[in-house]
Amino acid sequence: MKFLIDAQLPRRLAHQLRAAGFETTHTLDLPEGNRTTDQALITFSLTQHCVVVTKDSDFVETFLLRHEPWKLLLVSTGNIDNDELLRLFHLNIDQLTESFKTLEPHCHYKSASINCCSC
């Protein structure tokens, strides 16, 4: 499974996912860095078949209306520190990745304020 981490999430999350064996790109790794447009992230997701991990709820609309990006993980944890966010991913990553593999199109999984959408 591949992940694309959006700008509002820490680069440490990308490092943590890579250490867990997942191919992961953070927006800071892209040529435009954190200025990469949402459409560019969607295109990257579609061409690379990766899950966009974001706090940006605008992606939900494009996902539901246009089925873009390829897959979406909306992080809606509110105002927590980065260490707590990383802990949530550590505790839930196996269940999340399994959900992306098994969910029917447009089904949703919710756990620990992390929502995933699969298409």
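Refer to the structure above for everything that follows.
Parameters and conventions
- Residues numbered from 1 in each chain as written.
- Predicted model: local features only at pLDDT ≥ 70, side-chain atom pairs only at ≥ 80, totals over all residues.
- Heavy atoms only, no water.
- Buried < 20%, exposed > 50% of the residue type's maximum accessible area, 1.4 Å probe, protein only.
- Helix = DSSP H or I, 4+ residues; strand = E, 2+ residues; numbered from the N terminus.
- Arc of directions from axis to C-beta.
- Contact = heavy atoms within 4.5 Å.
- Axes fitted to C-alpha atoms, helices over the stretch in contact; angles between N-to-C directions.
- Parallel < 35°, antiparallel > 145°, perpendicular 65-115°, else oblique.
- Left-handed = near helix turned anticlockwise from the far one by under 90°.
- Nonpolar A, V, L, I, M, F, W, Y, C, P; charged D, E, K, R; others polar.
- Salt bridge = Lys/Arg side-chain N within 4 Å of Asp/Glu carboxyl O.
- Polar contact = N/O pair within 3.5 Å; in protein donor to acceptor, adjacent residues only side chain to side chain.
- Phe/Tyr/Trp six-rings, centres within 6.5 Å; stacked < 30°, edge-to-face > 60°.
- Lys NZ or Arg CZ within 6 Å of the ring centre and 35° of its normal.

Structural notes on helix α2 (residues 38-48)
Of the positions making up α2, those classed as buried are Leu41, Ile42 and Ser45. One side of α2 holds all its buried residues, which, seen down the axis, span an arc of 100 degrees. Along its buried surface, α2 packs onto β1 (2-5), β3 (51-54), α3 (58-66) and β4 (71-75). A positive phi of about 50 degrees marks His49, the residue just after α2.

Digging into the packing of helix α1 (residues 11-19) against helix α4 (residues 82-102)
Relative to each other, α1 and α4 sit at 25 degrees, their axes nearing to 10 Å. In terms of orientation, α1 lies roughly parallel with respect to α4. Of the two possible hands of crossing, α1 and α4 adopt the one that is right-handed. Across from Arg12, Leu13, Gln16 and Leu17 in α1, the residues of α4 making contact are Asn82, Asp83, Leu86, Phe89, His90 and Ile93. Here the contact of α1 with α4 is built from residues that sort into five nonpolar, three polar and two charged.

Quick word on the pattern of salt bridges
Think of it this way: side chains of opposite charge can pair up when their charged atoms draw near. Evaluation of the coordinates by the stated rule reveals five salt bridges. Salt-bridge contacts for Asp29 lead to Arg11; the nearest nitrogen and oxygen are separated by 2.7 Å. On the criterion of sequence distance, the pair formed by Asp29 in the loop between β2 (23-26) and α2 and Arg11 in helix α1 is long-range, its members being 18 residues apart. Here Asp29 falls in the partly exposed class, since its relative accessible area comes to 36%. Classification of Arg11 as partly exposed rests on a relative accessible area of 35%. Salt-bridge contacts for Glu68 lead to Arg66; the nearest nitrogen and oxygen are separated by 2.9 Å.

Overview of the side chain of Thr24
Its location among the elements puts Thr24 in strand β2. One polar contact links the side chain of Thr24 to the main-chain carbonyl oxygen of Phe22, over a distance of 3.1 Å. When sequence neighbours within four positions are dropped, the list of residues in contact with Thr24 reads Phe3, Ile5, Ala14, Leu17 and Arg18.

Structural notes on the packing of aromatic side chains
Applying the stated criterion across every chain yields a total of one aromatic pair. Relative to Phe22, the ring of Phe3 has its centre 5.5 Å away and its plane inclined at 80 degrees; by these criteria the two rings are edge-to-face. Here Phe3, found in strand β1, pairs with Phe22, found in the loop between α1 and β2; they are 19 residues apart in sequence, far enough to count as distant. On the basis of relative accessible area, Phe22 is assigned to the buried category, the value being 15%. In this structure, Lys71 is placed above the aromatic ring of Trp70, and the distance from its NZ or CZ to the ring centre is 4.5 Å.

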